[in-house]
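# Inside the fold
What follows is the residue order along each chain.
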Amino acid sequence: MQVTSMNFKAVASGKLSDANLQSALKRLQGNFVRGRADRVAELGNYEEIRSAAAAIRDRALADLDAYLEEFERNAVARGAIVHWAETRAEVNRIVCEIARSHGVRKAVKSKSMVTEECALNDALEAHGIEVVETDLGEYILQLAKEPPSHIVAPVVHKTRDEVSDLFQEKHGTPRKTDIAALTREAREMLRRHFVTAEMGISGANFLVAESGSTLIVTNEGNGRLVTTLPRVHVAITGIEKVVPTLEDAATLMRLLPPHGTGQTISNYISVTTGVKGEGDRDGPEHFHVILLDGGRSELLGGELQPMLRCIRCGACMNHCPVYQSVGGHAYGWVYPGPMGSVLTPTYVGLENALDLPNAATLCNQCGVVCPVKIPLPDLMRKLRERQFERGLKPWPERLGLTLWSWMAQHPAIYAMMTALGARLLSFLGGADRRIRRLPFGGGWTCGRDFPAPEGRTFRELYRKRLGT
């Protein structure tokens, strides 16, 4: 997937005027926002579970190498083959080699954001392998030749009418508008691919060190078909997804469905351990697990390490006022919303995603709803600091911040300049006390008017109130 994060401002501006997108994004307020609130209220001891979940993720990250080696040891003991990939290109190479060695002509996939990172579909198709997305949302996007806009609901940006038109065009069937009928049509189209594919490709929500298992969470059942019907199963995930025990995974699963989809529990939780055994009715004959670094190890031991706790629930973007307004495509890569504003600059380079750490109001909605207590606003603020330190901010902004810093260290000058600024803003308000144009701050007034201040600073008003 091509990185276009440098175009965030321009793309976001267009998304704000996209009527279809704005209509589609209203769905976030349904199961995603209200549903999460309802499910969390049912938990009762929510904060206790949340603290335990954060501790589990921190414990795994503190000894990540040991838990990954334990996972590999137990997975291999049960017949799996574990591959280590430092880069996304290595993931693609390994998968293509596995496919070639097993004579794979078709692969079916369940939803996986890591394979989106790697642009795996393009790599397989370049080697003559047909790839079919089987998650309903991902299948729709594959037909539309679009990237996902959300990590849980990848097609949230499309309306029902758009999907109806797409199915009519691509399937050559009569146009349908009933959701159940559209879903059935997709199911009928996909069923034949499950039984004819030689390879199934999945991600992994969690890796369980004590058993060498991979765990995936789905609502449609496609993940279970992808991991059991083809003779070759390849699970691809990031190295940070490991947890010590199945009990730890169960604790995290108490939080993932409520925060991801507003459900108490997902329809399917599939744990895959090793290859098909003697007497087993289904399961892969060959099971490969690919563990991707892809920039993750660079976060270990640093101020951004808490981001590796992420369990990919999507709650941060569902509650983010910026994401709710512009959708996921504006962020320009795999991970949108607040999580993407931290991950994308880290994984693809801060210089390639300059706008993203600033694509937030820092209202902390994301931090409040994160099930593993990731301090997302703090992490975005740290990235803003790095931008400044590396000279990646526009020179007028750097100059302004430098001047402000100098004035803040000289109280008398600071007081004089703020008093002058308050009076200037009052003058700009005119007779109706509305500021329509703000010098050096046109972005703030191009879409709104500001009420003009009284013309005195807070300190002046406070002294007046005290009568001093």
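The rules behind the values
- Residues numbered from 1 in each chain as written.
- Predicted model: local features only at pLDDT ≥ 70, side-chain atom pairs only at ≥ 80, totals over all residues.
- Heavy atoms only, no water.
- Pairing = 2+ DSSP bridges.
- Helix = DSSP H or I, 4+ residues; strand = E, 2+ residues; numbered from the N terminus.
- Contact = heavy atoms within 4.5 Å.
- Axes fitted to C-alpha atoms, helices over the stretch in contact; angles between N-to-C directions.
- Buried < 20%, exposed > 50% of the residue type's maximum accessible area, 1.4 Å probe, protein only.
- Patch = residues over 30% accessible without salt bridge, like charges linked within 9 Å, V, L, I, M, F, W, Y side chains within 5 Å.
- Areas by Shrake-Rupley, 256 points an atom, 1.4 Å probe, with all protein chains shown as cover.
- Salt bridge = Lys/Arg side-chain N within 4 Å of Asp/Glu carboxyl O.
- Polar contact = N/O pair within 3.5 Å; in protein donor to acceptor, adjacent residues only side chain to side chain.
- Core = buried A, V, L, I, M, F, W, Y, C linked by side-chain atoms within 4.5 Å.
- Expected span 1.5 Å × (residues − 1).

### As for the sheet that holds strand β5 (residues 206–208)
Taking strand neighbours across the sheet as the criterion, the four strands line up as β8-β5-β6-β9 in an open arrangement whose pairing is mixed. Both outer strands of the open sheet, β8 (242–243) and β9 (268–272), are each paired with one neighbouring strand and no more. By the bridge criterion, three bridges tie β5 to strand β6 (residues 213–218) in an arrangement that is antiparallel. Bridge pairing in β6 places Leu-207 opposite Thr-214. Against the sheet, helix α13 (residues 246–253) touches β5, β6, β8 and β9, its axis set at about 155 degrees to β5.

### Description of the environment of Trp-444
Tracing the chain through its elements places Trp-444 in helix α22 (residues 442–445). For Trp-444, a relative accessible area of 55% puts it in the exposed group. In this structure Trp-444 touches Leu-438 and Phe-450, once residues within four positions along its chain are discounted.

### Points about the pairing of strand β2 (residues 106–109)
Both faces of β2 are covered, namely the face carrying Lys-106 and Val-108 and the face carrying Ala-107 and Lys-109. Judged from the three bridges that link them, β2 and strand β4 (residues 199–202) form a sheet pairing that is parallel. Bridge pairing links Lys-109 to Ile-201 in β4.

### Notes on a nonpolar patch on the surface
Together, Trp-395, Leu-399 and Leu-403 make up an exposed nonpolar region whose accessible area comes to about 360 Å². When you line up the elements, Leu-403 lands in helix α20 (residues 395–408).

### Observations regarding the environment of Asp-135
Assignment of secondary structure puts Asp-135 in the loop between β3 (130–133) and α9 (136–144). For Asp-135, a relative accessible area of 9% corresponds to the buried category. Separated by 86 residues in the primary sequence, Asp-135 and Gly-221 place their C-alpha atoms 8.8 Å from one another. Apart from residues lying up to four places away in sequence, Asp-135 is in contact with Lys-109, Lys-111, Pro-154, Glu-220 and Asn-222. A distance of 3.1 Å separates the side chain of Asp-135 from the backbone nitrogen of Gly-137, its partner in a polar contact. At 3.0 Å, the side chain of Asp-135 and the backbone nitrogen of Glu-138 are in polar contact.

### What to know about the sheet that holds β2
Strand order in the open sheet made by the six strands is β1-β10-β7-β4-β2-β3, with parallel pairing throughout. Each edge of the sheet is formed by a strand with only one pairing partner; in this case those strands are β1 (81–85) and β3. When the angles between neighbouring strand axes are averaged without regard to direction, this sheet yields 20 degrees. Lying on the sheet, helix α6 (residues 88–101) is in contact with β1, β4, β7 (232–238) and β10 (286–292); it crosses β1 at an angle near 150 degrees.

### Brief notes about the pattern of salt bridges
Per the counting criterion, the structure on display carries 25 salt bridges. Here Glu-198 makes a salt bridge to Arg-105, at a shortest N to O gap of 2.9 Å. Here Glu-198 is found in the loop between α11 (179–196) and β4, whereas its partner Arg-105 is found in the loop between α6 and β2, with 93 residues between them in sequence. Relative accessible area serves as the criterion here: at 9%, Glu-198 is assigned to the buried category. Judged by relative accessible area, which is 61%, Arg-105 ranks as exposed. Arg-390 is the partner of Glu-351 in a salt bridge, and the nearest nitrogen-oxygen pair spans 3.2 Å. Of this pair, Glu-351 sits in the loop between α17 (337–348) and α18 (365–369) while Arg-390 sits in the loop between α19 (376–389) and α20, and the two are 39 residues apart along the sequence. According to the relative accessible area criterion, Glu-351 is partly exposed, its value standing at 37%. Taken together, the shared-partner salt bridges in this structure form one network comprising Arg-88, Glu-117, Glu-240, Arg-296 and Arg-312.

### Describing the nonpolar core
Within the largest apolar cluster, 88 residues are counted, with the highest numbers of intra-cluster contacts made by Phe-8, Val-95, Met-199, Ile-236, Met-307, Tyr-335 and Met-339. When residues in this core are grouped by element, the largest group, six residues, is from α6. The contact partners of Ile-236, leaving out residues within four places of it in the chain, are Val-91, Val-95, Ser-112, Val-114, Thr-115, Leu-120, Ile-201, Ser-202, Gly-203, Ala-204 and Ile-290.

### Details of helix α3 (residues 30–43)
The terminal C-alpha atoms of α3 lie 19 Å apart, and with 14 residues this matches the ideal 20 Å at 1.5 Å per residue to within 8%. Of the residues making up α3, those classed as buried are Phe-32, Val-33, Gly-35, Arg-36, Arg-39, Val-40 and Leu-43. Contacts from the buried residues of α3 go to α4 (46–62), α14 (256–261), α15 (315–319), α16 (321–326) and α18. In the segment just after α3, Gly-44 is the residue with positive phi, at about 80 degrees.

### Here we look at α17
Here α17 is 12 residues long and its end C-alpha atoms lie 16 Å apart, about the 16 Å a rise of 1.5 Å per residue gives. Summarising burial for α17: 12 of the 12 residues are buried, a large majority. Buried within α17 are the following residues: Gly-337, Pro-338, Met-339, Gly-340, Ser-341, Val-342, Leu-343, Thr-344, Pro-345, Thr-346, Tyr-347 and Val-348. Close packing links the buried residues of α17 with α6, α7 (113–118), α15, α16, α18 and α19. Taken from the residues just after α17, Gly-349 is the one with a positive phi, measuring 105 degrees.

### Remarks on the pairing of β6
Of all six residues making up β6, six are buried, and the element is well covered by its neighbours. Following β5, the chain reverses through four residues before pairing antiparallel with β6; Gly-212 in that reversal takes a positive phi of roughly 70 degrees. Direction of pairing for β6 relative to β9: antiparallel, over a ladder of five bridges. For Thr-214, the partnering residue across the bridge sits in β9 and is Thr-272.

What is shown is where atoms sit, not what they do.
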